[in-house]
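# Structural characterization, general
Residue-level listing of the chains:
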Amino acid sequence: MIMKKKVIFFTDAQLIVQFQNGDVKGFNALELRHGKKLIAFLFKHFHSIENCKDACQKFWLSAVIKFLDHTYIEKNHFLQWMQTSAFHIYLNDHRNDNKKAPIEKALDKPAPINEEDNSTTKEKVAALRKLFSKLTPRMKDMLIMHYINGIKWKVIGKKYKNSANSIRSECSKVMKTLKRKLSKK
């Protein structure tokens with residue numbers, strides 16, 4: 001008589017709880033169960049396997065963080081949440097790439113040949129540096145995080161323990177002031 005090994009299947013929610021209780025096998029099983037489905041889902045929409053793999057990797061990292069922080073609340077099925085989250089991650093990455101492209105093109109442009117234009121640019125840069133040096137370290141950090149590094153207001157808000165709207169408003173006022181002062185010079 002051959003004894004069959006009893007196989008126990010866990011639901012996605014049970015695997016998440018298992019992972020939250022410290023058993024990494026729960027997360028591994030979840031990733032094994034849905035990993036290929038997620039890549040196939042993204043590839044069907046975006047047709048770039050490398051970008052899809054990047055989005056999947058970012059999704060699994062964000063899922064780990066949500067699970068460990070106990071901020072994942074199962075409103076829908078895990079599969080639906082996974083696909084929606086990964087889809088948005090892909091779109092956000094793609095939007096950020098499109099925003100960076102004009103900056104890179106501008107940096108590739110040759111320096112102005114006209115001496116008058118060059119001196120005006122140098123004066124504006126010097127004036128901007130002077131104004132920027134007068135800002136608080138917190139404000140400098142927030143402006144650099146968002147306008148140079150492309151970090152979202154929500155993330156900056158979490159760092160400074162404030163709402164995203166409040167941080168955005170504060171930075172927007174400072175940027176308007178900087179622009180106004182620069183236009184006068």
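Before going into details, it helps to say that this report is about the structure given with it. (Residues numbered from 1 in each chain as written. Predicted model: local features only at pLDDT ≥ 70, side-chain atom pairs only at ≥ 80, totals over all residues. Heavy atoms only, no water.)

Our next topic: the packing of helix 1 (residues 12-20) against helix 2 (residues 24-46). For the pair helix 1 and helix 2, the least separation of the axes is 6 Å and the interaxial angle reads 145 degrees. Considering only the axes of helix 1 and helix 2, their crossing is left-handed. Where helix 1 abuts helix 2, its residues Asp-12, Leu-15, Ile-16, Gln-18 and Phe-19 lie against Val-24, Lys-25, Gly-26, Phe-27, Ala-29, Leu-30, Arg-33 and His-34. Of the residues belonging to the contact of helix 1 with helix 2, the class tally is 7 nonpolar, 3 polar and 3 charged. (Axes fitted to C-alpha atoms, helices over the stretch in contact; angles between N-to-C directions. Helix = DSSP H or I, 4+ residues; strand = E, 2+ residues; numbered from the N terminus. Left-handed = near helix turned anticlockwise from the far one by under 90°. Contact = heavy atoms within 4.5 Å. Nonpolar A, V, L, I, M, F, W, Y, C, P; charged D, E, K, R; others polar.)

Turning our attention to helix 2. Taking 1.5 Å per residue as the helical rise, helix 2 with its 23 residues ought to reach 33 Å, and the 31 Å between its terminal C-alpha atoms agrees with that figure. A maximum bend of about 45 degrees is found in helix 2 at His-34. Between a side-chain oxygen at the N-terminus of helix 2 and the backbone nitrogen of Lys-25 the separation is 3.1 Å; the capping residue is Asp-23. Taken from the residues just after helix 2, His-47 is the one with a positive phi, measuring 60 degrees. (Expected span 1.5 Å × (residues − 1). Bend = angle between axes of the 7 residues up to and from the residue. Polar contact = N/O pair within 3.5 Å; in protein donor to acceptor, adjacent residues only side chain to side chain.)

A surface patch of like charges, here positive, comprises Lys-130, Lys-134, Arg-180, Lys-181 and Lys-184. The element best represented in the positive patch is helix 8 (residues 164-184), accounting for 3 residues. The class for Lys-181 is partly exposed, based on a relative accessible area of 39%. (Patch = residues over 30% accessible without salt bridge, like charges linked within 9 Å, V, L, I, M, F, W, Y side chains within 5 Å. Areas by Shrake-Rupley, 256 points an atom, 1.4 Å probe, with all protein chains shown as cover. Salt bridge = Lys/Arg side-chain N within 4 Å of Asp/Glu carboxyl O. Lys, Arg positive; Asp, Glu negative; His and termini not counted. Charge placed at Lys NZ, Arg CZ, Asp CG, Glu CD. Buried < 20%, exposed > 50% of the residue type's maximum accessible area, 1.4 Å probe, protein only.)

With the rule as written, the count across this model stands at 16 aromatic pairs. Each ring, one from Phe-46 and one from Tyr-90, has its centre 3.8 Å from the other, and the planes form 15 degrees; the classification is stacked. Of this pair, Phe-46 sits in helix 2 while Tyr-90 sits in helix 4 (residues 78-108), and the two are 44 residues apart along the sequence. With relative accessibility at 19%, the residue Phe-46 sits in the buried group. (Phe/Tyr/Trp six-rings, centres within 6.5 Å; stacked < 30°, edge-to-face > 60°.)

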